[in-house]
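Notes for the structure review
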Amino acid sequence: MTSAGIKIGLFGIGLDTYWDQFEGLEKRLAGYVDLVSEKIGGFGVEVVNLGLIDNAQKAFDAGSRFKREDVDLIFLYVTTYALSSTVLPVVKKAKVPVIVLNLAPEAAIDYTTFNKLNNRTTMTGEWLASCSACPVPEIANVFKRSNIPFHQITGMLNNDPHVWQEVEEWIAAAKVAHTMYNNTLGVMGNYYGGMLDIYSNLTLQCATFGGHIEIIEVDELSALRSEADVDEIMKKFDTFHTWFDVQSDCSVDELTRAAITAVALDKLVVKYNLGSLAYYHKGTGNINADTMSSVILGTSLLTAQHIPVAGEYEIKNAQAMKIMDSFGAGGSFTEYYAMDFNDDVVLMGHDGPCHPAIAEGKIKVKPLQVYHGKVGSGLSVEMSVKHGPVTLLSVVETADGKIMLLTAEAESVAGPILEIGNTNSRYKFPLGARGFVEAWNAHGPAHHCAIGNGHIASKIQKLGDLLGVECVRVC
């Protein structure tokens with residue numbers, strides 16, 4: 001599936017009765033709307049700016065225009081007092097999330113200058129240019145009574161970084177929602193038998209996030225391996241050495257197996273236009289066993305190329321990883337490894353694919369004589385997540401048949417790790433290791449989650465708001 005850039009709808013509201021009463025007011029407020037449009041466009045989106053909507057008929061026309069333009073999100077800039085009848089037809093017709101911008105042009109009215117105007121009409125016009133807060137309760141009331149979800153940003157049009165950070169986060173969340181809606185998730189193989197927590201409701205995933213789920217047989221990947229030519233294989237060798245620190249005990253035969261499978265994975269991605277993948281297979285039969293024991297380097301490269309791959313057929317976590325990657329945070333597959341009560345950290349990691357783009361240093365490639373709990377042997381990757389702020393995300397299926405987003409913010413810290421050829425890192429949480437583990441587990445997530453760089457829980461919360469799903473932040 002293809003995904004074009006998102007469109008942001010913007011309209012300001014005013015009251016047409018004012019324009020003849022207060023000279024220059026309409027032009028002044030329209031200028032404010034254009035300024036907001038320029039700032040929103042600076043976040044890399046197309047803006048459909050309808051200017052000032054100042055009566056009911058224009059509101060109906062605006063709603064139809066936004067619907068035709070297929071906007072993903074609407075910003076409603078409240079410039080002055082306006083009737084709620086100029087708002088409801090727009091939002092009701094467009095049927096997309098709406099953010100109310102309650103922005104005063106400056107921090108405060110200059111009372112001394114204002115009171116020296118000595119013309120009450122002029123004074124009233126000046127006040128109307130600053131009374132953006134006035135109709136917001138009316139608009140909120142109508143939205144509530146109409147069962148229309150809405151969100152607010154309150155502040156100043158100028159010199160208010162908080163406002164534009166919030167705007168940027170809403171736009172980032174809208175971009176991710178758009179990406180998820182247009183994503184094709186491949187699921188290849190079968191569940192790891194007995195791992196009851198990872199079993200997913202595919203219909204629920206599509207109903208919540210959108211997208212398409214393509215069911216793929218492992219045999220198809222095995223067949224694609226036979227199509228890899230020498231040039232493609234040698235290019236993969238070069239790519240391996242660019243991205244990875246290949247250890248000296250990795251044999252040429254194992255690197256060749258991994259390169260052939262990596263080439264086949266690329267072909268599979270192109271065939272189905274995959275944006276993410278979840279896989280697991282016991283490897284019944286020599287051909288499939290050869291395929292599935294040599295996927296780790298190729299799936300790690302896909303993950304670095306914004307096609308996150310989750311092992312153990314963990315569909316929910318493939319979704320979480322795609323969300324994190326779409327926010328530009330990475331999104332690596334992880335689970336609890338151990339607890340270090342001396343240093344008050346939780347060790348987390350996983351076997352299988354890693355996310356090279358968020359690694360602390362270069363990832364090591366090591367040969368393993370056994371893939372613990374799985375069939376076969378071969379090459380594996382060892383990395384730690386880059387030191388600094390991180391966010392954890394779990395896509396949780398709840399007992400009442402809904403999706404919940406579970407997040408936590410922490411720090412990836414330096415220290416000894418388990419050098420066993422897996423990804424693993426040390427995380428320090430504001431709640432402490434003991435407090436975090438108990439708080440996180442209390443919400444009943446599966447034992448896997450996605451880890452990414454940066455503190456982005458507020459962005460994930462906004463994504464949840466846009467999708468209409470609960471988002472819980474542990475810390």
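Structure report, in brief. (Residues numbered from 1 in each chain as written. Predicted model: local features only at pLDDT ≥ 70, side-chain atom pairs only at ≥ 80, totals over all residues. Heavy atoms only, no water.)

**Overview of helix α14 (residues 296-304)**
In terms of burial, α14 is largely enclosed, as nine of its nine residues are buried. For α14, the complete set of buried residues consists of Ile296, Leu297, Gly298, Thr299, Ser300, Leu301, Leu302, Thr303 and Ala304. Following α14 by one or two positions, His306 adopts a phi angle in the positive range, close to 70°. (Buried < 20%, exposed > 50% of the residue type's maximum accessible area, 1.4 Å probe, protein only. Helix = DSSP H or I, 4+ residues; strand = E, 2+ residues; numbered from the N terminus.)

**Section: empty space enclosed by the protein**
The final tally for this structure, using the stated rule, is three cavities of 30 Å³ or more. In this model, the second largest cavity occupies a volume close to 60 Å³. What lines the second largest cavity is simply Met180, Asn183, Leu185, Gln205, Cys206, Phe209, Gly210, Gly211, His212, Ile213 and Gln319. When residues of the lining of the second largest cavity are traced back to their parent elements, those giving at least two are α9 (202-209) and β7 (212-216). Ranked by residues supplied to the lining of the second largest cavity, first place goes to α9 with three residues. (1 Å grid on protein atoms, 1.4 Å probe; cavity = no way out; pocket = protein on both sides within 12 Å on 5 of 7 lines; lining within 4 Å. Points joined across faces, edges and corners; volume = space filled by probe spheres on them.)

**Focus: the environment of Gly125**
Looking at the secondary structure, you find Gly125 in helix α6 (residues 120-128). C-alpha of Gly125 to C-alpha of Ala359: the two residues are 234 residues apart in sequence and 57 Å apart in space. Residue contacts for Gly125: discarding those within four places in its chain leaves Phe22 and Leu25. (Contact = heavy atoms within 4.5 Å.)

**Topic: the layout of surface pockets**
The computed volume of the largest pocket comes to approximately 540 Å³. If you trace the largest pocket, you find 21 residues lining it, with Val71, Asp72, Val96, His178 and Tyr181 closest to the centre. Going through the elements one at a time, α3 (56-69), α8 (161-181), α9 and α17 (457-467) are the ones with two or more residues in the lining of the largest pocket. Taken together, the residues of the lining of the largest pocket sort by class into twelve nonpolar, five polar and four charged. (Nonpolar A, V, L, I, M, F, W, Y, C, P; charged D, E, K, R; others polar.)

**Overview of a positive patch on the surface**
Together, Lys67, Lys92, Lys93 and Lys95 make up a region of like positive charge exposed at the surface. For Lys95, a relative accessible area of 65% translates into the label exposed. (Patch = residues over 30% accessible without salt bridge, like charges linked within 9 Å, V, L, I, M, F, W, Y side chains within 5 Å. Areas by Shrake-Rupley, 256 points an atom, 1.4 Å probe, with all protein chains shown as cover. Salt bridge = Lys/Arg side-chain N within 4 Å of Asp/Glu carboxyl O. Lys, Arg positive; Asp, Glu negative; His and termini not counted. Charge placed at Lys NZ, Arg CZ, Asp CG, Glu CD.)

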